[in-house]
Amino acid sequence: MADKGNGGFTLPRGATGLQREKDGPLPETDLSAFRAALYAAARVGGGRAGEVEEQEYPLTFHTATVIGPAGENVVLCHAHHPWVAFAAARRNWYAEGFLAPPPWAHAFADAGFTVLSGERLATPLRDVDTSVLTRGEWRQVRLYGITTLGGVLFNAWD
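Keep in mind that what you see is a predicted model, and the values were worked out from it rather than measured.

1. Looking at the overall build of the protein chain
For the protein chain, the helix and strand inventory stands at 5 helices and 6 strands. The C-alpha radius of gyration of the protein chain comes to 15 Å, within 12% of the 15 Å expected for a compact globule of 158 residues. Seen along its three principal axes, the alpha-carbon backbone of the protein chain occupies a region of about 45 × 30 × 25 Å. Residues counted as buried form 47% of the 158 residues belonging to the protein chain. By sequence separation, contacts in the protein chain at least 24 residues apart represent 59% of the contacts at least 6 residues apart. Entry remark: accessible area of the protein chain is about 8,000 Å², with carbon and sulfur atoms responsible for 50%. Seen as two clouds, the 14 positive and the 17 negative side-chain charges of the protein chain have centres 4 Å apart.

Structure below.
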């Protein structure tokens, strides 16, 4: 499913990557499905898949690249929910700098991932259903000055 705009977005448990012990483990995105979608996207885009960096604490996302005729595209995959986003450069934290999905991004949607637009990720938190966030998660949001959906989803809380 491709994300088209700024309609309502509800954060599910695990969106921040932080967990409470009493809630049990967070869900995990199928990394092999992400890799398969990455290779499919690279083929559709006339390029090749680059290295996949698996998520490690404290990151909440996997990072990969697609190298094509137009250059290198950074692909982010949330570690706990099947969300994919695109960025201009590899970083450990994303509060901004998200790009519009490239034309071949539909390969991720075809594989069951939700492709998040740069516009969606720039959505202010006041326009997101954050009712599932705990006090601890809100503390991190305030501590790091996060004000957008993208900042909550693609982070490296400490």
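2. A closer look at the environment of Gly-47
Relative to the assigned elements, Gly-47 resides in the loop between helix 1 (31-44) and strand 1 (48-49). With relative accessibility at 28%, the residue Gly-47 sits in the partly exposed group. Separated by 52 residues in sequence, Gly-47 and Leu-99 have C-alpha atoms that sit 18 Å apart. Residue contacts for Gly-47: discarding those within four places in its chain leaves Ala-42, Ile-67 and Gly-68.

3. Examining the side chain of Thr-63
Within the fold, Thr-63 resides in strand 2 (residues 61-68). The class of Thr-63 is buried, set by a relative accessible area of 6%. In this structure, Thr-63 is in contact with Glu-51, Val-52, Glu-53, Val-74, Val-75, Leu-76 and Arg-90, ignoring residues within four places of it in sequence.

Here is what the cut-offs are and how they apply
- Residues numbered from 1 in each chain as written.
- Predicted model: local features only at pLDDT ≥ 70, side-chain atom pairs only at ≥ 80, totals over all residues.
- Heavy atoms only, no water.
- Helix = DSSP H or I, 4+ residues; strand = E, 2+ residues; numbered from the N terminus.
- Rg over C-alpha atoms; globule rule 2.2 N^0.38 Å.
- Buried < 20%, exposed > 50% of the residue type's maximum accessible area, 1.4 Å probe, protein only.
- Contact = heavy atoms within 4.5 Å.
- Areas by Shrake-Rupley, 256 points an atom, 1.4 Å probe, with all protein chains shown as cover.
- Lys, Arg positive; Asp, Glu negative; His and termini not counted.
- Charge placed at Lys NZ, Arg CZ, Asp CG, Glu CD.

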